[in-house]
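# A closer look at the structure
Listed here are the chains, written in short residue letters.
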Amino acid sequence: MPDFSQLAQAKDSYIYVYDTVLRYLLPALVFLLLWRVCKPLLTFRREPEIWAWLVLESGKKIPITHWENVIGRSKRSDIVVDFPTVSRNHAVLRRYADGSWTVRDADSKTGIFVNGSQTPFAELAEEDVLTIGGIPMQLVPISRKQEKRQAKLRTKAAGPVSTMVNLLLLTAIQILLLLGFLLGGQQEHAQSIALGFGGIMATEWGLLLFTLMLRRTAFEAETIAFFLCSLGMAAIATVRPGEAGKQLIALLLGVATFLVVGWSLRDLERAQKARYLAAVAGIGFLILTLIFGKEEHGAKSWIQLGSMTLQPSELSKVCFVFVGASTMERVVSKHNLWLFIAYSVAICGCLALMNDFGTALVFFVAFLVIAFMRSGSVGTVGLAITGLGFAGVMALRIAPHALRRFATWRHIWEDPLNAGYQQTRSLMCIASGGLFGLGAGNGWMKNNFAADSDMVFATVSEEWGLLIAIMAVLSTVALAVFAVRCAAVGRSSFYTIGACTAASILIMQVMLNVLGTVDALPLTGVTFPFLSNGGTSMICAWGLLGFMKSADTRQNASFAVRITKEGRDTDE
Amino acid sequence: MNRVASRAMIAMVLVLALLGGMVFFCAEYISKAKTWVQEPGSPHLYQNGKIAQGLILDADGAVLLDLSGNKTYAPDAQVRKATMHWLGDRTGNIAPTVAKTYHEAMVLYDIANGIYSYGSAKGRVHLTLSSRLQTAALKALGDRKGTVAVYNYRTGELICAVTTPTYDPDNMPNIAADTSGAYEGVYMNRFLQNTYTPGSIFKIVTLAVALESIPDARELTFSCDGEYEIGSGKVTCESRHGQQTLKQAFANSCNCAFAELVTMVGRDKLQQYVELFGIMDSVSFDGFETKRGNFDLSDAYNENLCWSGIGQYTDLINPCAYLRFVGAIASGGAGYDPYVVDRVTVGKKTTYEAKPIRQGRIMSQETAATIREYMRNNVASKYGDENFLGFTVCAKTGTAQVKGQKSNAMFTGFLLDEKYPYAFIVAVENAGYGRTVCVPIVAAILKELE
């Protein structure tokens, strides 16, 4: 460990440099970094890709543009076959990473026939004749050569050099944050804080190295996550400097979760198997909490494990996304939807018993997103009713707790010393910090309750300025928009639903956290993903990020997307 | 797949909600951040409910109080005692009103930098009070209770306002254990929060009413044989003043003549004019508010009515409000509200600057000129110019009788010297004759002006 005892002498000169340069340099660097990182996420081209042709008897060729395609009479089908004998959603045509194709009957009235015999599911080889509603057709996949050419033309993620430049920028930001605490703030916890920031830097470079070794170059989402983690570390350094090491461990666990989730999603079959495990784990975590949990601030959502406190409901979120995500084959089947609804009801029951309003709200939104994305014309009504029931039970159960929050909402200045204390202090501190902040350790927020978790937006804003705090929010917006944009070129609805739900959970948490802190919404005590202090919250955020990586189909971009030899854009 | 892809837009709904919320917050920030910073209890401005930092300085720039930490008062005990009622003490028995009123201006806030300032520039409240005059007045008052105040009648700037008894905030006496009565009303700033029976200094008011309401009042003559009978009662003088003009009667402070004058003016006019002059009103400035006076003629008949015009009966005046009235006469019939905070600065920036607040005209210029002339005559013919160190003083003394106690000595007036446009008021409780008690006090302050 380096010797920190002589830092105090450097304080005066640091303060001078901070005052004249660093105060303005830091937000500028953050802006530059986020600009570089978010731009490809928001603007990458989504080329229409053709994976095969469906040739009708007449010689008419229908292009197949997705890996999962619904064939049906409905105008909203991917392949529209407008004949009365064809069901609205008749069959699902699906491509696999190895280039093979299958067709599955989607509970159609007239069934599907391959080479004349009826079948619920069959692999389609090149010469096979598929008959749907009496109409024969043949699948002609693109050749390996065409596939390779398509891969070449596909938008690439940023190259390794650009990615490294981004990470260098982030490292510079992290060093400036760290210097603030070492030179400008108290030196008491210098070692712990240095360990915290040093650990993040080591982790991010390690993960980048690993990604490059897998011959993937997209690191934008991870860079944003590490940026938010660094701000979170800055908040911990000022609020609870002793917990820097603990948060670093949480980060490492988070990255591990990220890799596991990403790995399990590489293979759709594996991912679908993981669903069952996730379903059991998701509800299991909640039940464990109900049995062993302790009540804190009205909500029973914590488990004490030695010196560690865990919030298993955070982990359940990742599981819930696994359970909710679904391939097109399942999306078109009502049966699967009802299973999911039943599962959601069970989850909702547990949450109601736990009395955790914020988490319940996040789950509810996740449920709505999944439900909306999955439900066609059929399930909508059932889903809406379930949704209503979900909300009703939640409201009844949590009413007294939530009502108090709602009563204070937009009235915090009427009772600034009691009900409105946390938020009035937060607003005072945000305003005191201005756009550029008061500098490391100079804030007051550390004296406020939950300054490093529920109110972390104010803590960051006070010490590092509103500009950086707002940019932190906008960076999560970029992640979410990226997930939505990826949907158009999604290889499977499993990934699209997973990524969009994960993005929705992240956005919902940011919204409840930030807008709750500033009294634009009632305060619900939800964590800011990556930024808030809290191990399970950190693990959950990284797990959700794993889902977003699986939707990134840019060429050679994501480790969570498997590339075959033909699909690889290299000359080897 | 198309279907799911298009339904992905539901996530955009949440994104838009978040962005909308952020825009809402930013709009609130732009319009309200300044109020948030300055709300009571704002952590960077207050510590434990007290203003966290800042300096209060006297007119010469000497630091009277440093608010940071445990508070540091002036190094000189006399200065501490003489200014404590304006600064507040450590116990909170005397509130730090000035700092409280101007705490917003004491913080350099702007929307870009918040309250960040390099080298932590402290807010500085520059008072109009002069430590030199304060200590001189304190010394002149000695251990008598009362108040002495001097203010600029052309601006309202209060250059001296002392109240006794007082104490050293760095050396708190045990007030609760004191039985001598020496600390009676010690937490009160008598200049602001006390009222006194005015006695003969109130004759200025009656004179003004007469000059305003009786045509050719200057030509009036009075005959005094020591007693003025009215109804079943009477008004008395300490000696016979004989035949005298109004000017002489004012100089003689002849009760009989003024009793007659009151009957000439009449009850309603007297009441109306006193209200018009604003003498009984509360004066507010810099977060202070003075105690209201009392002038109620609703049950006053005959000799009671007459005594009320001579500053006895139930009359009560607040020294600050009366000083403003006398200042109005000095400045030609329209005075200025007093103020004690000249400006507030943070670093090189001035965040507050006092502007003289002119009171409306309360009497004609001629009336003001006549009273000035008469008050000048008082000094020249009765009190002796030699007692005022060569200053051209216009004044009126009063010896207000207080039931069962020694009289209060009262004195008020102003200087006509161009360089020293000052009005003053002195009230010394249970001290005896106005002239013998108060003239030396004013002289002691004038000495410091030279």
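Computed from a predicted model, the values in this text were never measured in an experiment. (Residues numbered from 1 in each chain as written. Chains lettered and ligands numbered in written order. Predicted model: local features only at pLDDT ≥ 70, side-chain atom pairs only at ≥ 80, totals over all residues. Heavy atoms only, no water.)

What follows covers the pattern of salt bridges. Residue and element names in this part refer to chain A. Counting across every chain of the model gives 27 salt bridges over all chains. Its salt-bridge partner being glutamate 147, residue arginine 95 comes within 3.0 Å of it at the nearest N-O pair. Within this pair, whereas arginine 95 is found in strand β5 (residues 91-95), its partner glutamate 147 is found in helix α2 (residues 144-153), the two being separated by 52 residues in sequence. For arginine 95, a relative accessible area of 5% translates into the label buried. A residue is classified by how much of its surface remains accessible, and glutamate 147, at 8% relative accessible area, is buried. In this structure, lysine 549 engages glutamate 222 in a salt bridge whose closest nitrogen and oxygen atoms are separated by 3.1 Å. Here lysine 549, found in helix α17 (residues 535-550), pairs with glutamate 222, found in helix α5 (residues 220-239); they are 327 residues apart in sequence, far enough to count as distant. Each member of the pair, lysine 549 together with glutamate 222, is buried. A network of salt bridges, in which partner residues are shared, links Glu68, Arg94, Arg104, Glu269 and Glu329. (Salt bridge = Lys/Arg side-chain N within 4 Å of Asp/Glu carboxyl O. Helix = DSSP H or I, 4+ residues; strand = E, 2+ residues; numbered from the N terminus. Buried < 20%, exposed > 50% of the residue type's maximum accessible area, 1.4 Å probe, protein only.)

What follows covers the interface of chain B and chain A. Across the contact, 41 residues belong to chain B and 69 residues belong to chain A. Here chain B and chain A share an interface that buries about 4400 Å² over both sides, 73% of which is from carbon and sulfur atoms. Looking at the side of chain B facing chain A, the largest losses of area belong to B:Met1, B:Arg3 and B:Arg7, adding up to 19% of the total buried there. Between the two partners, chain B and chain A, sit one salt bridge. Residue B:Glu28 is joined to A:Arg410 by a salt bridge in which the shortest nitrogen-to-oxygen separation is 2.5 Å. When contributions to the side of chain B that touches chain A are tallied by element, the ones reaching two or more residues are α1 (2-7) and α2 (9-38) of chain B. Of all the elements, α2(B) adds the most residues to the side of chain B that touches chain A, at 20 residues. By residue class, the composition of the side of chain B that touches chain A is 29 nonpolar, seven polar and five charged. (Contact = heavy atoms within 4.5 Å. Buried area = accessible area lost by both parts, 1.4 Å probe. Nonpolar A, V, L, I, M, F, W, Y, C, P; charged D, E, K, R; others polar.)

What follows deals with the nonpolar core. In terms of nonpolar packing, the biggest core is built from 179 residues, with A:Phe457 and A:Trp542 touching the most fellow members. Setting aside residues up to four positions removed in sequence, A:Trp542 forms contacts with A:Leu207, A:Glu222, A:Ala225, A:Phe226, A:Cys229, A:Leu251, A:Gly254, A:Val255, A:Phe258 and A:Phe530. In terms of nonpolar packing, the next biggest core, distinct from the first, is built from 96 residues, B:Leu158, B:Tyr322, B:Ile362 and B:Met375 among them. (Core = buried A, V, L, I, M, F, W, Y, C linked by side-chain atoms within 4.5 Å.)

This part takes up the side chain of A:Glu68. Here A:Glu68 lies in strand β3 (residues 68-72). In terms of polar contacts, A:Glu68 uses its side chain to reach the backbone amide nitrogen of A:Met328, at 3.0 Å. A distance of 2.8 Å separates the side chain of A:Glu68 from the backbone nitrogen of A:Ser493, its partner in a polar contact. Those residues within four positions of A:Glu68 in sequence are excluded, and the remaining contacts are A:Asp78, A:Leu93, A:Arg94, A:Leu268, A:Thr327, A:Met328, A:Arg491, A:Ser492, A:Ser493, A:Phe494 and B:Met1. (Polar contact = N/O pair within 3.5 Å; in protein donor to acceptor, adjacent residues only side chain to side chain.)

Residue and element names in this part refer to chain A. Put simply, helix α16 (residues 493-517) and α17 touch, their axes get as near as 8 Å, and they point 140 degrees apart. What the angle tells us is that α16 and α17 run oblique. Considering how the two elements wind past one another, α16 and α17 form a crossing that is left-handed. Residue-level contacts link Tyr495, Gly498, Ala499, Ala502, Ala503, Ile505 and Leu506 of α16 to Ala541, Leu544, Phe547, Met548 and Ser550 of α17. (Axes fitted to C-alpha atoms, helices over the stretch in contact; angles between N-to-C directions. Parallel < 35°, antiparallel > 145°, perpendicular 65-115°, else oblique. Left-handed = near helix turned anticlockwise from the far one by under 90°.)

Hydrogen bonds between backbone groups are what pair the strands of a sheet, and the pairing can be parallel or antiparallel. All names here are of chain A. The strand order across the open sheet built from six strands is β2-β1-β11-β10-β7-β8, with neighbouring strands paired in antiparallel fashion. Every interior strand has two partners, whereas the edge strands, β2 (61-64) and β8 (117-118), have only one. Alignment of strand β7 (residues 112-114) against strand β10 (residues 129-132), held across three bridges, turns out to be antiparallel. What sits directly across from phenylalanine 113, in β10, is threonine 131. (Pairing = 2+ DSSP bridges.)

All names here are of chain A. The element strand β6 (residues 101-105) is largely enclosed, with a buried count of four among its five residues. As paired elements, β5 and β6 share five bridges and run antiparallel to each other. Looking at β6, one finds that arginine 95 is bridged to tryptophan 101. Adjacent in sequence and paired antiparallel, β5 and β6 are bridged by five residues, among which glycine 99 carries a positive phi angle near 95 degrees.

Bringing the pairing of β2(A) into the picture now. All names here are of chain A. Residues Ile62 and Ile64 line the buried face of β2, whereas the alternating positions Lys61 and Pro63 sit on a face that is not buried. In this sheet, β2 lies alongside strand β1 (residues 52-56) in antiparallel orientation, the contact comprising four bridges. By the bridge assignment, tryptophan 53 is partnered in β2 with proline 63. The antiparallel hairpin formed by β1 and β2 contains four residues in its connecting segment, where glycine 59 sits at a positive phi of about 95 degrees.

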